[in-house]
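What the coordinates show
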Protein chains: 2
Amino acid sequence: MLDERQRQTWKLALAYDGTDFSGWQVQPGLRTVQGELSEAIARVTGERVLPQGSGRTDAGVHAEAQVASFEIAAPVPEENLAMALNRTLPKDMRVLSAAHAAEGFHARHSAVSKTYEYRIFRGALCLPFMARYVFAYARPLDMDAMKTASAAVMGEHDFTSFAASDPDASQRDADDDDGPTRSAVREITHSEWSERGELLCYRVSGSGFLHRMVRNLVGTFLTVGRRKRPADDVARILLERRRGAAGPTAPASGLFLINVSYEEAND
Amino acid sequence: MLDERQRQTWKLALAYDGTDFSGWQVQPGLRTVQGELSEAIARVTGERVLPQGSGRTDAGVHAEAQVASFEIAAPVPEENLAMALNRTLPKDMRVLSAAHAAEGFHARHSAVSKTYEYRIFRGALCLPFMARYVFAYARPLDMDAMKTASAAVMGEHDFTSFAASDPDASQRDADDDDGPTRSAVREITHSEWSERGELLCYRVSGSGFLHRMVRNLVGTFLTVGRRKRPADDVARILLERRRGAAGPTAPASGLFLINVSYEEAND
């Protein structure tokens, strides 16, 4: 028997191309990021653990820097784990870094802020080499209206209108996993559109995100950009607290989890 | 019955991510570029044709600009075909352009020169968003030796040593489809390594290429770069005219068909 006191908490940063994964969370018979990482950890250390992610990205959603945590007893040197895992992981996911973390560190519970970016390709022809990593949408958009709409979600709000209406615990994108009684209030600290060449990018940071919240925000902002509803509808949608009040869900391919922040001790 | 005299020859430029295709050529039960293109043409025009490619890229090989030709009777306006096909094609292939061509134009027979590029990622960590489009190889390489080796294939040579030893007509990468009696002599007009950031790129142009020829050249140059054989071995390998004389086949993921040139009238 391994001595529990010898267990070490690890913090991993991960990048993945979400296209060929059925999301983060382990599901029987499906290829998931959590499942592949768990298998890789078992192959490297001989221990079977279920790494916890900072949030459960949906099928097709990418990560430039997802964070995962787990505890193992195997005395793997800190500098070796990332390379050892990358040798056995599939090419569509990579460990960017692996380090010891303080006891009790938990990728989701310890997170204080997350940043997502949604990327829209505006060109007439989306090359196959980019198609997996954007939402290709070439129609005219009123950027001023979209910027006004995105500013309206800044601060603390109840985001029920932008959460998936049929939350399926096995597929949610969110950090909220404590059931229907938990609050849907989140604080958004950054919400901005920017243009980078033929890409139009929406970057949003906040204390947390409900299931599908970023994709529902983007889908609503696009409806505003198409002038199908006014920018000041967003404030009203928030107050309605009803999924039907907001716009459609933008496709998963454009969404990237960019960064997860922790208190300094765990950063 | 459609009047044969009304048939119009078309020339298409195509880009594709080869990862999820079983190569160019139609094969029963497999997903191929030629097969998907044929289906799309049928959906758009109602005519079933087998478009001819400039060459048959292998499974996993990409194209920035493959050229295909076919004849149809449907009077599609020249400016509409590319967009109509792109609306129905899968996202991992795109028609870059579609135009009328002179009668008798044939994407393979009319080609006078082709250019391939092989891309090697030299960084320690190959992100998932790039992994499909490179060969990740971080070990030290003697670039001077590799440049000397690549210069040795310039000009006209018999490339039997660099052709697949078991040519399978259904999977060949080459423009040579006239059976084993045809000459393996090809003229190489450009053969050069260059560095672009963390990418090391080998660009080669020539009158034509045998099955797996570019990947076998790159595999051999890498053996030279690893100092496992001297650069001047390449001239000797060419003279041996035996596949076993050359090095291994480099992975398909790094290879791109970049350009196909035609006589001015068809360019």
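Residues numbered from 1 in each chain as written. Chains lettered and ligands numbered in written order. Predicted model: local features only at pLDDT ≥ 70, side-chain atom pairs only at ≥ 80, totals over all residues. Heavy atoms only, no water.

**With respect to the side chain of Arg56 of chain B**
All names here are of chain B. As a reminder, the rule being used: Under the scheme used here, helices are H or I runs from DSSP no shorter than 4 residues and strands are E runs no shorter than 2 residues, and both carry numbers assigned from the N terminus. Exposure categories follow from relative accessible area, calculated using a 1.4 Å probe and restricted to protein chains: below 20% of the type maximum is buried, above 50% is exposed, and the middle band is partly exposed. Here a polar contact is taken to be a pair of N or O atoms separated by no more than 3.5 Å, where protein atoms must pair a possible hydrogen donor with a possible acceptor and residues adjacent in sequence count only if both atoms sit in side chains.
As for its position among the elements, Arg56 is in the loop between β2 (52-53) and β3 (62-72). Residue Arg56 is classed as buried on the basis of its relative accessible area of 15%. Here Gln25 takes part through its side chain, which lies 2.9 Å from a polar atom of the side chain of Arg56.

**Thoughts on the pattern of salt bridges**
Stated formally: Any carboxyl oxygen of Asp or Glu within 4 Å of a side-chain nitrogen of Lys or Arg constitutes a salt bridge here.
Scanning the entire structure with this criterion turns up 40 salt bridges over all chains. A salt bridge links Asp20 of chain A to Arg132 of chain B; the shortest N-O distance between them is 3.9 Å. Here Asp20 of chain A is found in the loop between β1 (8-16) and α1 (33-45), whereas its partner Arg132 of chain B is found in the loop between β5 (111-121) and β6 (135-136) on a different chain. Residue Asp20 of chain A is classed as partly exposed on the basis of its relative accessible area of 37%.

**Considering the relation of the copies chain A and chain B**
Applied cut-off: Least-squares fitting of one copy onto the other uses the C-alpha atoms of those residues that reach a pLDDT of at least 70 in both copies.
Here chain A sits on chain B after a turn of 180 degrees about the axis and a move of 0.0 Å along it, with an RMSD of 0.0 Å. Seen this way, the second copy is the image of the first under a two-fold rotation axis. Minimal C-alpha distance to the rotation axis in chain A is attained by Phe129 of chain A, lying at 4.7 Å.

**Some remarks on the interface of chain A and chain B**
Where we set the bar: Here, residues are in contact when the closest pair of their heavy atoms is within 4.5 Å. The term buried area refers to how much accessible surface (probe radius 1.4 Å) is lost by two components on association, counted for both of them together. Ten residues, namely Ala, Val, Leu, Ile, Met, Phe, Trp, Tyr, Cys and Pro, are considered nonpolar, four, namely Asp, Glu, Lys and Arg, are considered charged, and the remaining ones, Gly among them, are considered polar.
Each partner contributes to the interface: chain A provides 24 residues, whereas chain B provides 24 residues. When chain A packs against chain B, close to 1,600 Å² is buried across both sides, 69% of that on carbon and sulfur atoms. Where chain A meets chain B, there are two salt bridges. Linking chain A to chain B there are zero residue pairs in polar contact (both at pLDDT 80 or more). Mapped onto the side of chain A that touches chain B, the elements with two or more residues apiece are β1, β3 (62-72), β4 (93-100) and α3 (128-131) of chain A. The element best represented in the side of chain A that touches chain B is β4 of chain A, accounting for four residues. Each residue belonging to the side of chain A that touches chain B can be placed in one class, and the counts come to 14 nonpolar, three polar and seven charged.

**Remarks on the packing of aromatic side chains**
Residue and element names in this part refer to chain B. Selection rule: Aromatic pairs are defined between Phe, Tyr and Trp rings, using the six-membered ring for Trp, whenever the two ring centres lie within 6.5 Å; interplanar angles under 30 degrees are classed as stacked, those over 60 as edge-to-face, and all others as tilted.
Following the criterion strictly, the structure yields 20 aromatic pairs over all chains and no others. Ring centres 6.3 Å apart and planes at 70 degrees place the aromatic pair Tyr16 and Phe21 in the edge-to-face group. Aromatic side chains Tyr116 and Phe209 sit 5.2 Å apart centroid to centroid with 85 degrees between the ring planes, which places their arrangement in the edge-to-face category. One end of the pair, Tyr116, is in strand β5; the other, Phe209, is in the loop between β9 (199-206) and α4 (213-225), and 93 residues separate them in sequence.

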